[in-house]
Amino acid sequence: MNDIRGRVTKDGIHIYEDADFAGMRAAGQVAAEILDAVISQVKPGVTTAEIDAFITEEVKRRGVISATIGYKGYRHASCISVNHVVCHGIPGAKLLAEGDILNIDVTVIVDGWYGDTSRMFVAGTPSRKAERLIEVTHEALMRGIAVVKPGNTFGDIGHAIQTHVEANRMSVVRDFCGHGLGLEFHAPPNVLHYGRAGSGPVLEEGMFFTIEPMVNLGRPETKTLADDWTAVTRDKSLSAQYEHSVGVTATGCEIFTLSSADKSFRTWE
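Residues numbered from 1 in each chain as written. Predicted model: local features only at pLDDT ≥ 70, side-chain atom pairs only at ≥ 80, totals over all residues. Heavy atoms only, no water.

Asker: Sorry if this is basic, but what is going on with the packing of helix H1 (residues 20-38) against helix H2 (residues 48-61) here?
Answerer: Two numbers describe a pair of packed helices, the interaxial angle and the distance between the axes. Orientation of H1 relative to H2, taken along the N-to-C sense of each, is 140°, at an axis distance of 10 Å. Accordingly, the angle class assigned to the pair H1 and H2 is oblique. In this structure, H1 meets H2 at a crossing whose hand is right-handed. Of the residues in H2, those in contact with Ile34, Ala37 and Val38 of H1 are Ile51, Phe54, Ile55, Glu58 and Val59. Classifying every residue of the contact of H1 with H2 gives seven nonpolar, no polar and one charged. (Axes fitted to C-alpha atoms, helices over the stretch in contact; angles between N-to-C directions. Helix = DSSP H or I, 4+ residues; strand = E, 2+ residues; numbered from the N terminus. Parallel < 35°, antiparallel > 145°, perpendicular 65-115°, else oblique. Left-handed = near helix turned anticlockwise from the far one by under 90°. Contact = heavy atoms within 4.5 Å. Nonpolar A, V, L, I, M, F, W, Y, C, P; charged D, E, K, R; others polar.)

Okay, here's the thing in structure tokens:
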């Protein structure tokens, strides 16, 4: 494990130094570029295994490391979660059908730093309800990011996300959350996507973490399948997720995984 620079708060959250932002920026941009490259691969008739193979080659071509291959026995360079799969979907032989929605989650290691991001894609053209779910989820993520600044709390992030999602009569998944990262893949804190404004640890400059809300069209409950990875909605409703890695700055935050090529979240257009 890498030596962690900086100090640690009473809540166990690492406070990184100014120079460390460059490392996170580099890792985040590689992850974002890989998802940009994937856009052309997502179409009806393609398997998620084929998409993962493409991602694996993109990781190798860039000379970086996949954080997920070998992580707790996982064997793939991505998680690909289709339709009612909430997260941790395992790439496989099932063909994508017209209108399928899928979250693709990629994490890479660049010079010891972790870049973690996920994005929604559609095979073909989405239904209106699926498109609306994707829109609400992306907006919820960005509203959560908008409140990231020193002096606010992690509860403010969750409250901003939950308020927007529930105003649109959808639900926030409670069983999974964002996490601290940097020179570690998963570290404190747990970043909840629901909660009470003003609650939780106070945000400080130098904190690095993910925000990755999972939003369901139906109820929020999930269950994990027998493979011990794949999480699905209990009511089989559609689910969507977006994820960015961010760092708290002196005046707000920096999104490390913001795409330089894809200015819109409409990655199916």
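Asker: What am I meant to see in the sheet that holds strand E5 (residues 85-87) here?
Answerer: Strand pairing in a sheet relies on backbone hydrogen bonds, with the paired strands running either antiparallel or parallel. Read across the open sheet, the three strands follow the order E5-E14-E13; overall the sheet is antiparallel. Only two strands of the sheet have a single neighbouring strand rather than two, namely E5 and strand E13 (222-224). Averaged over all neighbouring strand pairs, the angle between strand axes comes to 40°, with direction disregarded. Pairing analysis gives three bridges linking E13 to strand E14 (residues 231-233), with the strands arranged antiparallel. By the bridge assignment, threonine 224 is partnered in E14 with alanine 231. (Pairing = 2+ DSSP bridges.)

Asker: Got a minute to help me understand the pattern of salt bridges in this structure?
Answerer: Opposite charge on two side chains permits pairing when their charged atoms draw close. Inspection of the entire model under this criterion finds 14 salt bridges. Arginine 25 is the salt-bridge partner of glutamate 254, the closest N and O atoms lying 2.6 Å from each other. Of the two residues, glutamate 254 sits in strand E17 (residues 253-255) while arginine 25 sits in helix H1, which places them 229 residues apart along the sequence. Judged by relative accessible area, arginine 25 falls into the partly exposed class, the value being 36%. Because the salt bridges share partners, they merge into one network encompassing Glu33, Glu58, Arg61 and Arg62. (Salt bridge = Lys/Arg side-chain N within 4 Å of Asp/Glu carboxyl O. Buried < 20%, exposed > 50% of the residue type's maximum accessible area, 1.4 Å probe, protein only.)

Asker: Please explain the sheet that holds strand E15 (residues 239-241) as it appears in this structure.
Answerer: If you trace the three strands from one edge of the open sheet to the other, you get E8-E12-E15, paired in antiparallel fashion. Of all the strands in the sheet, the pair left with one neighbour each is strand E8 (171-172) and E15. Strand direction decides the pairing type here: E8 and strand E12 (residues 214-216), joined by two bridges, are antiparallel. Paired with valine 172 across the strands is valine 215, a residue of E12.

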